[in-house]
Amino acid sequence: MTQLFRSLIFVPGNNPRFLEKAKKLQADIVCFDLEDSVPDNEKTNARNLIKSALKSRKSYNSSIFVRTNSPTSGKVPSDLKKVVQKGIDGIVIPKVNNVKEMQKIEKILSKLEKSRKLKPIQIIPSIESAEGVVNTYNIASFGKRVSAIVFGVFDLLNDLGVEYTKESEGTTYSRTKIPVDAHASGVAAIDAIWQDLKDSKGFEKDCKLGKSLGYSGKSIIHPDQISVVHKLFHPNKSEILWAEKVCKVYLESTKKGKGATTVDGKMIDEVHFKQAKSILELVK
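About the cut-offs
Positions within a chain are numbered from 1, following the residues in the order the chain's sequence is written. Thresholds applied to this predicted model are a pLDDT of at least 70 for local features of residues and 80 or more for the giving and counting of side-chain atom pairs; totals over whole chains, interfaces and linings are not thresholded and use all residues. To obtain the side-chain values, all non-hydrogen atoms of the structure were included, while hydrogens and water were left out. The domain limits used here are those given by an automatic or database domain assignment. Note on definitions: a residue-residue contact is assigned when non-hydrogen atoms from the two residues lie within 4.5 Å. Note: buried area is the sum, over both parts, of the accessible area (probe 1.4 Å) each one loses when the two are combined. Think of a salt bridge as a Lys or Arg side-chain nitrogen and an Asp or Glu carboxyl oxygen that are within 4 Å of each other. Geometry of aromatic contacts follows a simple scheme: Phe, Tyr and Trp rings, the Trp one being its six-membered ring, pair when their centres are within 6.5 Å, and the pair is stacked under 30 degrees between planes, edge-to-face over 60, tilted otherwise. Strands are runs of DSSP state E lasting at least two residues, helices are runs of H or I lasting at least four, and both sets are numbered from the N terminus onward. Relative accessibility decides the category of a residue: with a 1.4 Å probe and only protein chains considered, values under 20% of the type maximum give buried, values over 50% give exposed, and everything between is partly exposed. When the NZ atom of lysine or the CZ atom of arginine is within 6 Å of a ring's centre and also within 35 degrees of its normal, the charge is said to sit over that ring. Strand pairing is assigned whenever DSSP detects at least two bridges linking the two strands. Here the axes come from fitting lines to C-alpha atoms, over the contacting stretch only for helices, and the angles between their N-to-C directions go from 0 to 180 degrees.

A. Molecular detail of the domain arrangement of the protein. For the protein, the domain assignment lists domain 1 (7-233) and domain 2 (237-282). Distance from the C-alpha centre of domain 1 to the C-alpha centre of domain 2: 26 Å. The partner domain 2 presents four residues to the six residues of domain 1 that form the contact. Taking both partners together, domain 1 and domain 2 bury about 340 Å²; carbon and sulfur atoms supply 35% of that area. If you sort the residues of domain 1 by the area they bury against domain 2, Lys144, Gly186 and Lys211 come out on top, with a joint share of 72%. Put simply, domain 1 and domain 2 have one salt bridge between them. When the shortest N-O distance is used, the salt bridge between Glu239 and Lys211 registers 3.0 Å.

Okay, structure coming up:
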């Protein structure tokens, strides 16, 4: 499956009905959640339900990711032990502050993949703190597993001691910096959620702003938001031209027995090729 990053929808991992309904969703990424939407006394139940859902992977239309608990929670090893199995495409790690946290998680992943004979899965770190914002480029550049970066607005505001508003002036710098760092690292950036499901005009405005800042898509919390996000984050002309060039150059490179190559002076590899291919598939 070629990975797209227009929409990432969170589905509570402790809700069997929502996990079942997620099979019909057309989001690019369905993310089973073990963190914010799951109370502490429901974590074990959620892990078991997600493990069971992953056994029905072929029934889902979307890529399947799991959002673990945060690196500082102490729960990540238990999360990964249960959900890293056949059927999972990647994990979203919330509240990533620095590369050291990534290194610890990558070590656990590698051991589980080796023992369970799995291919390496993707990692999408979520930036939700002042420290994380400062370190975004290093986090995004951590390794080939990292395919995108998510912006988490609410915990960042809490970390900054700033009250939430729909305009979110307090996150202007962070929201602008994250896609810059992500693109500089060669990965996609996914914008934060829009909480007010009744304010459709505000949601569309927020999507357009995110698109203008360089985000490839948006985190969402309701199925009704999927079609709007896909419409507003449709590739523009410059993105299509970039994708055409990347696909052409990379395929020529592989025919010569080479892997990574350059386009307009920038290094591209298989990850960039897959991203470019996904863009062209959207505009056929």
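We are not done yet, so read on.
B. Quick look at the packing of aromatic side chains. Enumeration over the complete set of coordinates arrives at three aromatic pairs. Seen in terms of ring centroids, Phe154 and Tyr164 are 4.9 Å apart; in terms of plane orientation they differ by 50°. Their pairing is tilted. Taken together, the residues span a long stretch of sequence, with Phe154 in helix α7 (residues 153-160) and Tyr164 in the loop between α7 and α8 (172-184) at a distance of 10 residues. Exposure remark for Phe154: the relative accessible area of 27% places this residue in the partly exposed category. Seen from their ring centres, Tyr250 and Phe273 are 4.9 Å apart, and the 20° between their planes marks the pair as stacked. A residue pair is termed long-range when its members are at least 10 positions apart, and Tyr250 in helix α11 (residues 237-255) and Phe273 in helix α12 (residues 270-282) qualify at 23 residues. Neither residue differs from the other here; Tyr250 and Phe273 are each classed as buried. It is Arg67 that lies over the ring of Phe10; its NZ or CZ is 4.2 Å from the centre.

C. Structural context of the sheet that holds strand β4 (residues 90-93). Spatial strand order, β1-β2-β3-β4-β5-β6-β7-β8: eight strands in a closed barrel with parallel pairing. In this sheet, neighbouring strand axes are inclined to one another by 25° on average, regardless of whether the strands run parallel or antiparallel. For strand β2 (residues 29-33) and strand β3 (residues 63-67), the ladder comprises five bridges, and the chain directions are parallel. For Phe32, the partnering residue across the bridge sits in β3 and is Val66. Across the face of the sheet, helix α2 (residues 43-54) comes into contact with β2 and β3 while running at roughly 150° to β2. Contacts between helix α9 (residues 200-213) and the sheet are confined to β7 (188-191) and β8 (217-220), with β8 contributing the most and set at about 140° to the helix.

D. Highlighting unusual backbone geometry. Notably, Lys117 is not glycine yet its phi reads approximately 55°, a positive angle. Among the secondary structure elements, Lys117 is positioned in the loop between α4 (99-116) and β5 (122-127). The backbone phi angle of Asp264 is positive, close to 55°, even though this residue is not glycine. Tracing the sequence through the fold places Asp264 in the loop between β9 (261-263) and β10 (266-268).

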